[in-house]
Structures are given as C-alpha cells and as structure tokens.
Amino acid sequence: MSRRLHAPDDEDKPFIARWNVLVRILLVESSVKAVARSAMDFADFDDGSSCHPSNERIERETGLSERTVRTAWQVLRGLGMAERVGFGSPHRKLADEYQLVIPPWWQNLPIYGPHVRKFTCLYCQKLITPQGNCTVKVDGDRQKVSFEVHRMAFCPTPRATKGRVALDCLTEWNESQRQRGDPVWHEFGDDRWKLFRQARADEW
Ligand SMILES: [Zn+2]
C-alpha cells in the first residue's frame with residue numbers, strides 16, 4: 001500500500017510542502033512540472049510570495065528552452081497557480097514577480113489521487129500511466145489551458161503495424177457506446193472529468 005499524500009490545502013503544512021504535493025500529482029506536460037518545482041526554489045517557502053527568477057535562470061536550472069519556460073509560466077497562470085504581481089523590465093534585467101498559489105479549485109485540476117495510483121483504462125481495464133498533457137491559448141492577459149482528457153483515461157494509441165489495423169481503446173469504447181445507444185467521448189463535454197475520476201478511482 002502506498003502512503004496517502006497530504007492534501008495541497010492542508011493548512012497544517014508549510015506552503016512549500018503543499019506546493020510540492022500539488023506539483024507531484026499534476027497531470028500536465030513535464031516541462032510545466034519542472035518549471036513549477038524550480039519556481040518554488042525562488043519563492044518564500046511559507047507563502048509562495050516574492051518569486052522572481054528570470055526565465056534565463058529557470059532555463060539554466062531546468063535545461064528547458066526559453067520558449068518552453070515561457071509557455072510553462074502561461075500554463076501555471078492559466079491554472080491559477082501563479083499570479084503575476086509585478087512586471088519586470090528586461091533592460092534593467094528585472095524579472096516578473098509572481099505569487100505562487102494553491103488554487104481553491106485544485107481538486108478540479110487534472111491530478112492523481114492521494115495514492116498516486118495508476119489509472120484503469122475505461123475500455124480494457126488495464127492499469128495505465130495517464131499521459132499528462134496541456135495546451136495553453138493566450139488571449140490578451142488571459143490564459144486558457146485545455147487538456148486531452150482521453151489520454152489520461154484510455155490506453156495510449158498503439159502504433160499501426162503493417163497489414164494489421166491497430167484499434168485503440170478510445171475507438172473501441174466509442175464503438176461499444178454507440179452500439180448501446182450511449183453518448184460517445186466527444187459528446188461528454190465537461191462530464192469527461194467524471195470519466196477521468198472513474199479511471200483514476202482514487203479520490204481526494
Ligand atoms: Zn485499454
């Protein structure tokens with residue numbers, strides 16, 4: 001049995017411990033997780049304030065490209081995990097200042113359960129490692145983060161082999177839904193998160 005993690009909003013724990021749990025369980029691009037971890041090294045451990053590393057510094061410490069680091073910050077802002085509280089000025093070598101935040105809606109983010117268990121494919125019931133992913137769209141000062149939830153609830157698409165049709169579990173599942181007259185994946189809308197929780201089977 002794996003030990004249950006403490007919750008990211010467990011006020012008995014210092015901010016840094018709660019932040020690190022949230023980053024551990026997040027199912028997003030690994031670069032976002034790396035930047036989130038690195039950012040904490042520069043913030044106040046007690047409340048996540050005063051975080052102003054330059055992107056160059058984060059680049060050096062994570063080994064990611066500048067563009068990837070920039071995108072990761074956009075994702076963190078879009079998720080409500082970072083608030084920009086001060087704008088830097090590049091010509092004076094001043095970086096933007098961030099407040100790191102555990103958003104009150106953390107339970108609605110794509111996250112592992114408290115035991116970080118594998119998920120169960122909704123079609124074939126195999127245990128799978130969900131494929132964390134995210135895409136961010138920037139509109140002015142707003143960031144909208146979206147997820148391909150099916151990559152966390154079904155086996156990954158098998159590679160096509162010559163002369164054999166490789167059917168993936170999502171396609172098979174859609175077909176069985178159709179046969180029963182039930183909605184297919186893309187018709188679920190926000191209810192896809194219910195299916196995500198079903199695949200996770202490990203509630204906070
Ligand atoms: Zn499967």
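All values reported here derive from a predicted model rather than from experimental measurement.

Peer 1: Which residues make up the coordination of the zinc ion, and what values go with them?
Peer 2: At this site the zinc ion is bound by Cys121 (SG), Cys124 (SG), Cys155 (SG) and Cys169 (SG), with donor distances of 2.3 Å. The coordination sphere of the zinc ion comprises 4 donor atoms, whose angles at the metal cover 100 to 113 degrees; the geometry is tetrahedral.

Peer 1: Got a sec to walk through the packing of aromatic side chains? Specific residues and values, please.
Peer 2: For the structure shown, the criterion picks out 11 aromatic pairs. Ring centres of Trp173 and Trp185 lie 5.9 Å apart, and the angle between their planes is 75 degrees; this geometry places the pair in the edge-to-face category. One end of the pair, Trp173, is in helix 6 (residues 169–180); the other, Trp185, is in the loop between helix 6 and helix 7 (192–200), and 12 residues separate them in sequence. A network of ring pairs unites the aromatic residues Tyr112, Phe119, Phe147, Trp193 and Phe196 as a single cluster.

Peer 1: Go over the pattern of salt bridges, please, and point to the residues and values.
Peer 2: What the rule picks out here adds up to 13 salt bridges. Glu66 is paired through a salt bridge with Arg70; the nearest N and O atoms lie 2.5 Å apart. Of this pair, Glu66 and Arg70 both sit in helix 4 (residues 66–78), separated by 4 residues, roughly a single helical turn. Between Asp191 and Lys194 there is a salt bridge, with its nearest N and O atoms 3.4 Å apart.

Criteria and thresholds
Residues numbered from 1 in each chain as written. Predicted model: local features only at pLDDT ≥ 70, side-chain atom pairs only at ≥ 80, totals over all residues. Heavy atoms only, no water. Donors = N, O, S within 2.8 Å, 3.2 Å for Na, K, Ca; no water. Tetrahedral: all angles 85-135°; square planar, octahedral: opposite > 155°, others 65-115°. Phe/Tyr/Trp six-rings, centres within 6.5 Å; stacked < 30°, edge-to-face > 60°. Helix = DSSP H or I, 4+ residues; strand = E, 2+ residues; numbered from the N terminus. Salt bridge = Lys/Arg side-chain N within 4 Å of Asp/Glu carboxyl O.

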